[in-house]
Amino acid sequence: MGLTELSAVQLGKKIAAKEIRVREALDAVFAKTDASEGKYHCFITLDKEGAYRQAEQVQERIDAGVCDSMLAGVPMAVKDNLCTAGLRTTCASKMLAQFVPPYSAAAVERLQAAGAILIGKTNMDEFAMGSTTETSAFGITKNPCAEDRVPGGSSGGSAAAVAAGEAYYALGTDTGGSIRQPASHCGLVGIKPTYGSVSRYGLIAYASSMDQIGPLAKDVTDAAAVLELLCAQDPKDAVSVKREGTNFCGALQEGVKGLRIGIPKAYFGQGISEEVSAAVLRAAEEFKAAGAVVEMFDLAYVKYAVPAYYTIADAEASSNLERYDGIKYGYRAEEYADLHGLYRKSRSAGFGTEVKRRILLGTFVLSADCYEAYYLKALKVRRLIRQAFENAFADYDVILGPAAPATAPKLGESLQDPLQMYLADIYTVSANLTGLPAICLPCGKDRAGLPIGLQLTGRAFGEEVLFRAAYTYEKIRGAWQ
Amino acid sequence: MEEGKSKMTDTISDNMLEYITVLAQLETEPSEKAQLKMELARMLEYMAQLQEVDTDGTVPMQQVNEEGNAFREDVVTNTDMRAQILANAPAVKDGTFVVPATF
Amino acid sequence: MTAGNIIADDGYETVIGLEVHVELATKTKIFCGCSTKFGAAVNTQVCPVCAGMPGTLPVLNRRVVDYAIAVGLALRCEITRQSGFDRKNYFYPDNPQNYQISQLYAPVCQNGRVEIDTAAGGTKAVGIHEIHMEEDAGKLIHDGAAGITYVDYNRAGVPLLEIVSEPDLRSAEEVIAYLEKLRMYIRYLGVSDCKMQEGSMRADVNLSVRPIGSTAYGTRTEMKNLNSYTAITHAIASERMRQIELLKAGETVVQETRRFDEDRGVSYSMRSKEEAKDYRYFPEPDLPGLAISGEWIARIRSAQPEFRPEKMARYRKEYDIPEYDIAVLTENRALAEIFEETAALCGQPKKAANWLMGETLRLLKEQEMEPEEICFSPAHLAALIGLVERKVINATAAKEVFAVMFAKDVDPVEYVEEKGLQQEQDAGAVRQVCEQVLKDNPQSVADYLGGKDRALGFLVGQAMKASKGKADPGMVNRLLKELLQAK
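Everything numeric here is computed off the predicted structure, so don't read it as measured data.

> For the layout of surface pockets, give the residues involved together with the corresponding values.
Residue and element names in this part refer to chain C. Approximately 900 Å³ is the volume found for the second largest pocket. Together, 29 residues line the second largest pocket, and Glu 180, Arg 183, Arg 308, Glu 331 and Asn 332 are the ones closest to its centre. Looking at the lining of the second largest pocket element by element, the count peaks at 7 residues for helix α2 (residues 172-189). Grouping the constituent residues of the lining of the second largest pocket by class yields 14 nonpolar, 3 polar and 12 charged. For the lining of the second largest pocket, the two domains that each supply at least three residues are domain 1 (3-298) and domain 2 (306-419).

Pasting the structure below:
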């Protein structure tokens, strides 16, 4: 078995046992990127020099016995909307093409403190707005499972990098499904933790009340190991929480006997592909066979999740993206008549079409005459959706469904019709509106050989239950590849 | 609700598009306008589905964690980091950011 | 102007509401750990958070809330138990995020009241609509010749309280009385120095006019950037006239923001097409709600100081000092507290008052200092008063000692001893000095004996000089007279 085929935890163990030097792992990873980046384009920035520098320091720490993390020395990639000190952070936008932050995201710092080796910054939809990684100003990323397909988005570069063996795991961000949907399309495990579990400091905001960071990983064990390192209250993120129940590695035990699993009927209506539906329901049967109690039930307000999500996300985004004005950092137009010309020309040329569309929609829903009818209304519906989930969790421990209505679409197909693309977020946005944790893991392939993902949603701070269920299912189905 | 919907769609008039582009400090090419208006209207019409939901007595939920209260103490933790703050600026002079006249 | 102007001859009443911004004297900014110290080099008190860099997040400074509650209690407001922050969105380069974190939907204090003294000698209640917390903007430095503006974010993120009054004010005099009252509360609380010249207290004036007797409000305009009482007075007079003339000419007042140009004495409209006024306020998603408990409010309440009106009333009862002294001493809380402690220690309120109102205020003014910066302890001032009282030192030496005490809080007893400033109490020695002076100044002796009393003063001065200031001037006076009479 080649070095890059190991999982992150497997590699970490070999590094800890001194069977493999950190430098060797990096050599293997960069051999992969040299061979396949031309094909997939997972990265916006690769930092070989920096990676070898980190490798040297981490190896010293390991040799000195002062770095005993399970993931020490393991090469990983970070989505390019997470700030990395001294390393260009673009958000896949022309606006930030030259931006080099003087600080790192808290999540990146935590991983690096544990000895993780950052190899580069992955491609994504511009400002995390999109589901295909096609809105990037740095070119598209191809799905390593099928080169004519998108890897999903917005964390498509992170997903593709892990799927292609170019990184052992990667950080993604999830505002409306941006970790889980690419995990689904690339055959990976991706988890969006409970809102507030991972510090957002240094995450370039899209929609602040829903943004969370999480891992894209080869298997459930890796996802648990990475998320366990990430979860911590951070005094720099005022809405991060002090929480318990973060022994995710300890939760990796087989057994779902008596676990109550609910499947919302509405998730299997119009719009879902038959193959996805069949694979997800087959997974449900396997849970049942393993002793879980599985039932279909009526989840209220399912059809309102997407419109509520886009209203709120676009409103917050329109404000979050005001800071990009060509003054303090970022793109500045070359010609302008005056201050307002500078703003308009820089922003119009610096942002792509999808970003501008969402800024305009967000501006509209917050404008004086529309605030109540659109924005406030969406916030009220948001609460009703959360109440619907709370009601469901009175009866069930886990809610099971797909992560996307279909397998990865062909390149170039989705952006034709943005509304149609938004509708495909139906299974993922609820977890962001409510803050609940949700994990996506592979549950089969379609006839074309494209991966299908299964999504499990848990109670707030209930990731341990999700990891146990996912781990059990993974054991039943067989591990990655 | 049909009435409400069509009213919402009409809101993307030329004036409204102009109004929100000015607020958002963006500009639109005349050639893009028709397409953009249509897309925005379609999206807003879709968002307007929310009008169907009875939300009487429902408190808006702007945050997931509503208990709140997080503070920092009033202690200086930062030192001069001007060089880093200015490092990404397109135009600087004598330690300041440079912009066209605002007066 | 007098109170008579409130109901002016032209048949119109002026209706004014004030928005007062107060910069809080916290050590750090409202949402980050940058210093707020005044006068630092440009952009040296700026971090990624207050520069609005991507991915950075605000975290609320607890002391800002403490201060807001304290001011709210002083202005008899209700404290909002479930408060929170909102974003006000507008593009301007002094605002690094292009939105300001402020409070719209649940301001920290609401429904308060301030009593002001009226020119007619009565009092009047001015309603406080709300007090909210927000962040200050950066500073724009203009280069007119080059057509360029430079941006300094040192002030960006400095905490502000905005105190919004009800439209209860009717004249410039009332406005100033109101501002003075706010200033007193805020300075007594120590939450701001309220210096209008330095911008730590700024007022926006909302003004409308209406025919006397009318109860409906007219259309108001807002005048921004008024940073002195003179500017406020002139702006009110000019805007009042402008509106009345419009109404008399059958025109309407446009609701707008105007900027008052103090040099030309006129205001002009700030409206422009590019600045559509739709701030798209919405709840700040980067901050949790702000829950203010009853215990928190109680803790702040129990630490509230005695404010000036109560202090003045108590002084009238407790100290036998003139009303003028009471007014001067209580103008500043620090000064009043030094007075109270000194008076208690030396038992001589009037003497303590004299030192504070005389030498202390003189030196403060001379050195451009605030009473808060006084370094000498009340115990040392009391000791100094005691030294004079016991005639250990004379008035001249006392002033000298005081100047040193003012500069570096020396112990006056030790200092007098160290420098040998005690009065010459040995009558024999003083008599010798006096005899010598009379011998050296025969002309003055002759003048005195010839009936020119003024000559005595000269001789006393000479004797004091000869004793190097250490002689008791009373003793010198007495001895000289004795010696002269003996001639």
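Read on for the rest.
> Run through the sheet that holds strand β2 (residues 92-93) of chain B, naming residues and quoting values.
An order of β2(B)-β3(B)-β10(C)-β9(C) is seen for the 4 strands of this open sheet, with the pairing classed as antiparallel. Two strands close off the open sheet at either side, each with one partner strand: β2 of chain B together with β9 (139-143) of chain C. Pairing of β2(B) with strand β3 (residues 96-100) of chain B, which is carried by 2 bridges, proceeds in the antiparallel orientation. Across the sheet, the residue bridging to Lys93(B) is Thr96(B), located in β3(B).

> Let's hear about the domain arrangement of chain C: which residues, and what values?
The domain architecture assigned to chain C consists of domain 1 (3-298), domain 2 (306-419) and domain 3 (427-485). For domain 2 of chain C and domain 3 of chain C, the distance between their C-alpha centroids amounts to 33 Å.

> If you had to explain the pairing of strand β10 (residues 148-152) of chain C to someone new, which residues and values would you point to?
With 4 of 5 residues buried, β10(C) is to be regarded as a mostly interior element. Examined bridge by bridge, β3(B) and β10(C) share 4 bridges and lie antiparallel to one another. Counterpart to Pro100(B) in the pairing with β10(C) is Ile148(C). Strand direction decides the pairing type here: β9(C) and β10(C), joined by 5 bridges, are antiparallel. Residue pairing for β10(C): Asp143(C) is matched across the bridge by Ile148(C). Linking β9(C) to β10(C), which pair antiparallel, is a turn of 4 residues; within it Gly147(C) sits at a positive phi near 65°.

> Outline the pattern of salt bridges, listing residues and values.
Going through the model one piece at a time under the given rule, you end up with 62 salt bridges over all chains. Across the salt bridge formed by Arg357(A) and Glu354(A), the nearest N and O atoms sit 2.5 Å from each other. Of this pair, Arg357(A) and Glu354(A) are both found in helix α11 (residues 353-366), 3 residues apart, which corresponds to roughly one turn of the helix. Assessed through its relative accessible area of 6%, Glu354(A) is described here as buried. As a salt-bridge pair, Glu23(C) and Arg155(C) come within 2.7 Å of each other at their nearest N and O atoms. In this pair, Glu23(C) sits in strand β1 (residues 12-23) while Arg155(C) sits in the loop between β10 and β11 (159-165), placing the two residues 132 residues apart along the sequence. Assigned by exposure class, Glu23(C) and Arg155(C) land together as buried. Three or more residues are tied together by salt bridges with common partners; here these are Arg200(A), Asp237(A), Arg87(C), Glu284(C) and Asp286(C).

> Help me get a handle on the packing of aromatic side chains, residues and values and all.
By convention here, two paired aromatic rings are described through the distance between centres and the angle between planes. Enumeration over the complete set of coordinates arrives at 33 aromatic pairs over all chains. Taking the centre distance of 5.2 Å and the plane angle of 40° together, the rings of Phe248(A) and Phe467(A) count as tilted. Of the two residues, Phe248(A) sits in the loop between α7 (220-230) and β7 (260-264) while Phe467(A) sits in helix α15 (residues 463-477), which places them 219 residues apart along the sequence. For the ring pair Phe376(C) and Phe402(C), a centre distance of 5.3 Å and an interplane angle of 65° mean the geometry is edge-to-face. Of this pair, Phe376(C) sits in the loop between α8 (349-366) and α9 (378-389) while Phe402(C) sits in helix α10 (residues 395-408), and the two are 26 residues apart along the sequence. Taken individually, Phe376(C) and Phe402(C) each receive the classification buried, so the pair is uniform in this respect. Over the aromatic face of Tyr331(A) sits the side chain of Lys94(A), whose NZ or CZ is 4.7 Å from the ring centroid. Here the basic side chain of Lys88(C) rests over the ring of Tyr279(C), its NZ or CZ set 4.4 Å away from the ring centre.

> I'd like a rundown of unusual backbone geometry, residues and numbers included.
The omega torsion of the bond from Gly153(A) to Ser154(A) falls at 5°, within 30 degrees of zero and hence cis. Within the secondary structure, Ser154(A) sits in the loop between β3 (117-122) and α5 (156-163). Residues other than glycine seldom take positive phi values, yet Ala92(A) does so here, at roughly 55°. Notably, Arg76(C) is not glycine yet its phi reads approximately 55°, a positive angle.

> Just give me the short version of the packing of α11(A) against helix α2 (residues 14-23) of chain B, but keep the residues and values in it.
In the contact formed by α11(A) and α2(B), the axes pass within 9 Å of each other and the chain directions differ by 105°. Between α11(A) and α2(B), the crossing angle belongs to the class labelled roughly perpendicular. On α2(B), the residues that touch Leu360(A), Thr363(A) and Phe364(A) of α11(A) are Met16(B), Ile20(B), Thr21(B) and Leu23(B).

> So what's going on with empty space enclosed by the protein? Residues and values would help.
As enumerated under the stated definition, the model contains 7 cavities of 30 Å³ or more in all. Considered as a void within the structure, the largest cavity measures approximately 200 Å³ in volume. The element best represented in the lining of the largest cavity is strand β6 (residues 99-102) of chain C, accounting for 3 residues. The residue makeup of the lining of the largest cavity, split by class, is 12 nonpolar, 6 polar and 5 charged. By volume, the second largest cavity amounts to about 110 Å³. For the second largest cavity, the lining is made up of 16 residues, of which Gly130(A), Ser131(A), Gly176(A), Ser178(A) and Asp425(A) are closest to its centre. Residues belonging to the lining of the second largest cavity are distributed by class as follows: 5 nonpolar, 9 polar and 2 charged.

> I'd love a proper account of the interface of chain B and chain A, names of residues and values included.
Contacts between the two partners involve 51 residues from chain B and, on the opposite side, 65 residues from chain A. For the pairing of chain B and chain A, the buried interface totals around 5300 Å² over both sides, and the portion due to carbon and sulfur atoms is 65%. Considering only the side of chain B, the residues that lose the most area to chain A are Gln25(B), Leu50(B) and Met61(B), jointly responsible for 14% of the buried surface there. At the junction of chain B and chain A, the tally comes to 6 salt bridges. Among the salt bridges present, the one from Arg357(A) reaches Glu39(B), with a minimum N-O distance of 2.4 Å. Taken together, chain B and chain A are joined by 25 residue pairs in polar contact (both at pLDDT 80 or more).

Calculation criteria
Residues numbered from 1 in each chain as written. Chains lettered and ligands numbered in written order. Predicted model: local features only at pLDDT ≥ 70, side-chain atom pairs only at ≥ 80, totals over all residues. Heavy atoms only, no water. 1 Å grid on protein atoms, 1.4 Å probe; cavity = no way out; pocket = protein on both sides within 12 Å on 5 of 7 lines; lining within 4 Å. Points joined across faces, edges and corners; volume = space filled by probe spheres on them. Helix = DSSP H or I, 4+ residues; strand = E, 2+ residues; numbered from the N terminus. Nonpolar A, V, L, I, M, F, W, Y, C, P; charged D, E, K, R; others polar. Domains from an automatic or database assignment. Pairing = 2+ DSSP bridges. Buried < 20%, exposed > 50% of the residue type's maximum accessible area, 1.4 Å probe, protein only. Salt bridge = Lys/Arg side-chain N within 4 Å of Asp/Glu carboxyl O. Phe/Tyr/Trp six-rings, centres within 6.5 Å; stacked < 30°, edge-to-face > 60°. Lys NZ or Arg CZ within 6 Å of the ring centre and 35° of its normal. Axes fitted to C-alpha atoms, helices over the stretch in contact; angles between N-to-C directions. Parallel < 35°, antiparallel > 145°, perpendicular 65-115°, else oblique. Contact = heavy atoms within 4.5 Å. Buried area = accessible area lost by both parts, 1.4 Å probe. Polar contact = N/O pair within 3.5 Å; in protein donor to acceptor, adjacent residues only side chain to side chain.

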